[in-house]
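Reading the structure
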Amino acid sequence: QVDLVESGGGLVQPGGSLRLSCATSRSILSFNAMAWFRQAPGKEREWVASILSAGRTNYADSVKGRFTISRDNIKNTMSLQMNSLKPEDTAVYHCNAKYDFGNYWGKGTLVTVSS
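Predicted, not measured: the structure shown is a model, and the values here were computed from it. (Residues numbered from 1 in each chain as written. Predicted model: local features only at pLDDT ≥ 70, side-chain atom pairs only at ≥ 80, totals over all residues. Heavy atoms only, no water.)

Observations regarding the nonpolar core
Judged by nonpolar contacts, the single largest core of 30 residues is most densely connected at Met34, Trp36, Met78, Leu80, Met82 and Tyr93. Of all elements in the fold, only strand E3 (18–24), strand E4 (33–39), strand E5 (46–52), strand E7 (67–72), strand E8 (77–82), strand E9 (91–99) and strand E11 (109–113) reach the threshold of two or more residues within this core. Residue contributions to this core peak at four residues, all from E9. (Core = buried A, V, L, I, M, F, W, Y, C linked by side-chain atoms within 4.5 Å. Buried < 20%, exposed > 50% of the residue type's maximum accessible area, 1.4 Å probe, protein only. Helix = DSSP H or I, 4+ residues; strand = E, 2+ residues; numbered from the N terminus.)

Set out below in structure tokens:
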């Protein structure tokens, strides 16, 4: 069993920034990829960004140019820097770790973008 624990969520005004972190209980390099997903109220969970084991990153069109995913292989953490936040970014953000036989999920951290 692997624990993924998100942190960094909160209330921010439109145009503001937040940095989310995901701490893993084992080496981050043991995963094929890690990603952030989000789920807004009344909507299905959607993919936001991912980082592969080789370091390549990918982003959903809705966040491209505003969000940056990164990882720290020493601290075994993954981060999501979110800039120019919009009200439609409001959601619970979940950390995901993919390995050969499935996925691990964190419980999520709430991000609310509102004035």
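What follows continues from the structure just given.
Section: the pattern of salt bridges
By the definition in use, this model includes four salt bridges. One salt bridge connects aspartate 89 with arginine 38, and the closest N-O pair in it is separated by 2.9 Å. Placement of aspartate 89 in the loop between E8 and E9 and of arginine 38 in strand E4 is noted, with a sequence separation of 51 residues between them. Considered together, aspartate 89 and arginine 38 belong to a single accessibility category, that of buried residues. (Salt bridge = Lys/Arg side-chain N within 4 Å of Asp/Glu carboxyl O.)

What to know about unusual backbone geometry
Positive phi, close to 55 degrees, is recorded for asparagine 76, a residue that is not glycine. Of note, asparagine 76 is situated in the loop between E7 and E8. Phi at serine 84 takes a positive value of approximately 50 degrees, unusual for a residue other than glycine.

Here we look at the packing of aromatic side chains
In the structure shown here, the tally under the stated rule is four aromatic pairs. Look at tyrosine 99 and phenylalanine 101: their rings are 6.4 Å apart centre to centre, the planes differ by 70 degrees, and that puts the pair in the edge-to-face class. Taking 4.8 Å as the distance between ring centres and 15 degrees as the angle between the ring planes, the aromatic pair formed by tyrosine 99 and tyrosine 104 counts as stacked. Using a relative accessible area of 14% as the deciding quantity, one classes tyrosine 104 as buried. The structure contains a cluster of three or more aromatic residues connected by ring pairs, namely Phe31, Tyr99, Phe101 and Tyr104. In this structure, arginine 45 packs its charged tip against the face of tryptophan 105, placed 4.5 Å from the ring centre. (Phe/Tyr/Trp six-rings, centres within 6.5 Å; stacked < 30°, edge-to-face > 60°. Lys NZ or Arg CZ within 6 Å of the ring centre and 35° of its normal.)

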